[in-house]
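Here is what each chain is made of, one letter per residue.
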Amino acid sequence: MKNDSIIVLLGPPGAGKGTQGEKLAEVLNLIPLSTGQVLREEARKGSALGKEAQEIMERGDLVPDALVAEIVRQRIETAGPSQAVLLDGFPRNLPQADLLEQLKGARPLCLVNIQVDEDVVLKRLTGRRYCVDCGRIYNFNLSTPKQGDVCDACGAQLVQREDDREAVFQTRFRVYREETVPLIEAYSQKSTFFAVNGNQPPQAVFEEISSQLEEMDREVNIPAVELEQ
Ligand SMILES: [Zn+2]
């Protein structure tokens, strides 16, 4: 991973992109951007953008390409030239990948696919709660918050996301298969793509992603001349 990289987290709903994204950003000092989280914050604030996005997300559908691309553009612009940006939730389909190509300029892409089975994901999402105040994610089926249903960090109420209900989850998974799987197939042809096993506990997934990113760095740093001798 180069220090001006754009790292893209890919995977089905419930793959752990949010959890991994938070930790990777913290440990590797990346600028994180979860488009879903930005849109949910806008919805809480009651902005026009937030209201529009909320209706779409609660059905399990994808927010229009141009709208999410604008959020991503602003975040990439505010990042320093040697600050890596971590994207969670964008791109989700081939047209959005084209938009990212235009937005990213000369920054290299790192593509990380978190592979996880559908039954594992369903179990996780039904237990998932998020903090209404700071957005931190918890899972009642895996790691419970210390004090019942309030946030360990800020004490605010933990709630379930509308789009984590099982009926909506089916729509999200169908959208994932139709829109995102073709994108992942196209990305998997690139040399900067790698996949990790997302069925493992979060810490094991995190270690696999970090070591793969390190590995990628070493490969990038090998002088081409030496390889030819
Ligand atoms: Zn909180």
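Provided above is the structure to which this section pertains.
The present account deals with the structure reproduced in this document.

Parameters at a glance
- Residues numbered from 1 in each chain as written.
- Predicted model: local features only at pLDDT ≥ 70, side-chain atom pairs only at ≥ 80, totals over all residues.
- Heavy atoms only, no water.
- Helix = DSSP H or I, 4+ residues; strand = E, 2+ residues; numbered from the N terminus.
- Rg over C-alpha atoms; globule rule 2.2 N^0.38 Å.
- Buried < 20%, exposed > 50% of the residue type's maximum accessible area, 1.4 Å probe, protein only.
- Areas by Shrake-Rupley, 256 points an atom, 1.4 Å probe, with all protein chains shown as cover.
- Lys, Arg positive; Asp, Glu negative; His and termini not counted.
- Charge placed at Lys NZ, Arg CZ, Asp CG, Glu CD.
- Donors = N, O, S within 2.8 Å, 3.2 Å for Na, K, Ca; no water.
- Tetrahedral: all angles 85-135°; square planar, octahedral: opposite > 155°, others 65-115°.
- Salt bridge = Lys/Arg side-chain N within 4 Å of Asp/Glu carboxyl O.
- Phe/Tyr/Trp six-rings, centres within 6.5 Å; stacked < 30°, edge-to-face > 60°.
- Lys NZ or Arg CZ within 6 Å of the ring centre and 35° of its normal.
- Expected span 1.5 Å × (residues − 1).
- Arc of directions from axis to C-beta.
- Contact = heavy atoms within 4.5 Å.

Moving on, we get to the overall build of the protein. The helix and strand tally for the protein stands at 9 helices and 8 strands. Over its C-alpha atoms the protein spans a radius of gyration of 18 Å, differing by no more than 12% from the 17 Å that the globule rule assigns to 229 residues. Counting every position in the protein, which comprises 229 residues, the buried fraction comes to 44%. Summed over all atoms, the accessible surface of the protein reaches about 11,800 Å², with 48% contributed by carbon and sulfur. Taken as two groups, the 26 positive and 36 negative side-chain charges of the protein have centres that lie 4 Å from each other.

Let us look at the coordination of the zinc ion. Coordination sphere of the zinc ion, protein contribution only: Cys131 (SG), Cys134 (SG), Cys151 (SG) and Cys154 (SG), at 2.3 Å. Note that the zinc ion binds 4 donor atoms; their angles at the metal cover 99 to 118 degrees, and the shape is tetrahedral. You can call cysteine 151 buried: its relative accessible area is 4%.

The tally for this structure, following the rule as stated, stands at 6 salt bridges. The closest approach of N and O atoms between glutamate 118 and arginine 177, which form a salt bridge, is 3.2 Å. Taken together, the positions of glutamate 118 in helix α6 (residues 118-126) and arginine 177 in helix α7 (residues 166-187) put the pair 59 residues apart, joining distant regions of the chain. The class of arginine 177 is partly exposed, set by a relative accessible area of 43%. A network of salt bridges, in which partner residues are shared, links Glu70, Arg73 and Glu77.

On to the packing of aromatic side chains. By the definition in use, this model includes 2 aromatic pairs. An angle of 55 degrees between the planes, with centres 5.4 Å apart, marks the rings of phenylalanine 169 and phenylalanine 173 as tilted. Highlighted residues: phenylalanine 169 and phenylalanine 173, both in helix α7, separated by 4 residues, approximately one helical turn. For phenylalanine 169, a relative accessible area of 1% gives the class buried. We classify phenylalanine 173 as buried; its relative accessible area is 5%. Note on phenylalanine 173 and tyrosine 176: the rings are 5.6 Å apart at their centroids and 65 degrees apart in plane angle, and the pair reads as edge-to-face. You can see phenylalanine 173 and its partner tyrosine 176 sitting in helix α7, 3 residues apart, about one turn around the helix. Neither phenylalanine 173 nor tyrosine 176 differs from the other in exposure class; each is buried. Grouping aromatic residues by their ring pairs yields a cluster made of Phe169, Phe173 and Tyr176. Cation over ring: lysine 23 sits above phenylalanine 206, and NZ or CZ is 4.5 Å from the ring centre.

Helix length check: helix α3 (residues 48-59) (12 residues) gives 18 Å between terminal C-alpha atoms against 16 Å at 1.5 Å per residue, within 8%. Taken together, the buried positions of α3 are Gly50, Ala53, Ile56 and Met57. The arc enclosing the buried residues of α3, seen along the axis, measures out at 135 degrees, which places them on a common side. Exposed side chains of α3 directed beyond 90 degrees from the buried face belong to Ala48, Lys51 and Glu55. Tucked inside the fold, the buried residues of α3 contact α2 (35-45) and α7. One or two residues past the end of α3 sits glycine 60, with phi positive at roughly 95 degrees.

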